[in-house]
Amino acid sequence: MTEPRSGIPWRDATVRHVSHPVPRAVQLRLEVPDRPEHLPGQHYVVRLTAEDGYRASRSYSLASTAADPLVELFVERLDDGEVSPYLADEVRTGDHLEVRGPIGRWFTWSGETPALAVGGGTGVVPLVAMLRHSIEIGRPDLLRVAAFAGSPEELPYAGELSAAGALLGFSRDRRGLEALAGPRLSAARDRPTGRVRGEDLEALLAGGQTAYVCGSAGFAESASSLLVTLGVAPEQIRVERFGPTG
Amino acid sequence: MAGPTRGFTGSARHRRNSRLPPGQYDVGSAYPVLTAEVTPDVDLSEWKLTVDGLVAEATSWSWEEIRALPGSEFHGDIHCVTTWSKLDTSFGGVSVDTLLDAARPSAEATHVLVSSTTGYTTNLPLADLRGGQAWVVWTHEGQPLPREHGGPVRLLVPHLYFWKSAKWVSRMTLLDHDEPGFWEQNGYHDRGDPWKEQRYQGD
C-alpha cells in the first residue's frame, strides 16, 4: 500500500488510557504526536496491521476537543466486526496504533452558531465533542443536545450528557437512571420508553439552528425525518449515519 | 511505516477475498447506508435528469423517457470509502454513454459535476463516465432502488469509491475544468480510485 504523498499522514499514536465505561464498548485515549487541531464532529481512521502485512482500518468519531492533550475515541464492540473487537478486547495502555485524521469537514460545529445535536447510541460521541467545545468556549447556550439509547447503562457518556443538561430518552428501560444527575432528569424519568419522537425534539428547537443527527441508519432516518416534519429545513440538517461496519 | 499492531491477526471472514481493493473488507449481504443529508422524497412526476454544460445539445429526460432508453445492467463489486465493499451485486438502468451520446460533449469538456435533488454534488473526470463504466440506475438486484440507497434514481460509477455514485441524481454538467463537489470540498479525493486508495485529498 502506498503512503499518502501530501495528504493527511498516518501517525503513530500511543494508547494512554483504556476503559470500558459501558458494556460492549471501549474508550481509548491516545497520545498523537504532531496532530493538527480538529473541530468537534470530526473523526480519525485507526489502522491495524497483522504480522503478514494484512491491514484493516475503520473510522471513529472523536469525543475529545482540540484543547484536550489526548485524542479520545469511543468504540462500540461489534461481535462480528474485525477492528472493534480488537480495540475493545486486546488493546492495552502503552500499545501503539496507527491513526490518521482529522477527517470530514461537513459534520462539524465550530461553536459560533446555534445548534441542535441529536444522537443515538454511540452516535452521541461526536456530540460529546461539541458539548465539551461549547463549555470550553463559554457558549453552552448555543448547543442543545438530545441523546437516545436502549437504557441509561448503554448510553455512552451518560453522566456527562446528563450533567450538561442533555435531554435523554430510552427506548427499552430506565435502569441506571438513578445514578445520573442533571437538570433534565425529571423529563427522562417521565418520558415513556420508546424510540425518538417528535415531542422529544420539538422542545429543543430554537429556530435558526443547524441540526446534527448522528446514529445508526435507522435512528438517523427517524430523527432527521422528525426534524423535517417539525419544520426544520433539510438544508439545515447534517446527518452522519453509521452501519455495522466493524 | 509502523510495523504490525500487537496481537492483531485480522478476521478470516473479513480478509477472505482477494478481489478486495486495499484496505477494504467484504460486508457480505449487508448494504450499509451512508449519506450526509436528509433522505429526500423524490417526486417522479417532477423529476428529470439533465445533461448540460459543454455539450452540443443540453438534454433532459423525464422518468418515463429515461426508462424508454436502451437498458443496461451492471454486475460486480462496489466499494465505499468507509472501507466496506459489497461483492457480486447488480444494478439496472441506462449506460451514461447513452445519455452523453445524446447530448454530445464538446471537445473541450474534461470533467463532470454531478448534482442531486438534495443539492449534493460530486466531480468526476469525463473519462470515468465513458466507455461503459457508469450507469444511471433505478433497480438493485432486480428490485426498485430503495430511497435510502438513492432511489428512485442514482448514478453508479462502481470503479470509483461510492460517494461518486451520487444518490438522487438530477444533473450532470460538463466542464472544461475540475470543480470539487460536496465531499471533495470536505476533504475527500477528487478522483477516488479504490485500487489506489485515493480516499482523502492528497492521497
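Keep in mind the model is a prediction, meaning the values are calculated, not measured.

**Thoughts on the domain arrangement of chain A**
All names here are of chain A.
- The domain boundaries assigned to chain A delineate domain 1 (10–103) and domain 2 (115–242).
- Each of domain 1 and domain 2 has a C-alpha centre, and the two are 24 Å apart.
- With 14 residues of domain 1 in contact, the opposing surface of domain 2 contributes 15 residues.
- Between domain 1 and domain 2 lies a buried interface of about 1,200 Å² when both sides are counted; carbon and sulfur atoms form 60% of it.

**Points about the interface of chain B and chain A**
- If you look at the interface, chain B gives 39 residues, while chain A gives 51 residues.
- Here chain B meets chain A over a buried area of about 3,700 Å², counting both sides, of which 51% is carbon and sulfur.
- Where chain B meets chain A, there are two salt bridges.
- One salt bridge in this structure joins R6 of chain B and D95 of chain A, with 2.6 Å as the shortest N-O distance.
- Run the count over chain B and chain A and you get 18 residue pairs in polar contact (both at pLDDT 80 or more).

**Describing the sheet that holds strand β8 (residues 143–149) of chain A**
Residue and element names in this part refer to chain A.
- Here we have five strands laid out as an open sheet, ordered β9-β8-β7-β10-β11, and parallel in their pairing. Of all strands in the sheet, those bounded by a partner on one side alone are β9 (167–170) and β11 (237–242). Ignoring which end each strand starts from, the neighbouring axes of this sheet average 10° apart.
- Bridge count between strand β7 (residues 115–120) and strand β10 (residues 210–216): five bridges; the pairing is parallel. Within β10, the position partnered with L116 by the bridge is A211.
- Along the sheet, helix α2 (residues 125–136) makes contact with β7, β8 and β10, crossing β8 at roughly 150°.
- Seen against the sheet, helix α6 (residues 217–229) touches β7, β8, β10 and β11 and runs at an angle of roughly 155° to β10.

What counts and how
Residues numbered from 1 in each chain as written. Chains lettered and ligands numbered in written order. Predicted model: local features only at pLDDT ≥ 70, side-chain atom pairs only at ≥ 80, totals over all residues. Heavy atoms only, no water. Domains from an automatic or database assignment. Contact = heavy atoms within 4.5 Å. Buried area = accessible area lost by both parts, 1.4 Å probe. Salt bridge = Lys/Arg side-chain N within 4 Å of Asp/Glu carboxyl O. Polar contact = N/O pair within 3.5 Å; in protein donor to acceptor, adjacent residues only side chain to side chain. Pairing = 2+ DSSP bridges. Helix = DSSP H or I, 4+ residues; strand = E, 2+ residues; numbered from the N terminus. Axes fitted to C-alpha atoms, helices over the stretch in contact; angles between N-to-C directions.

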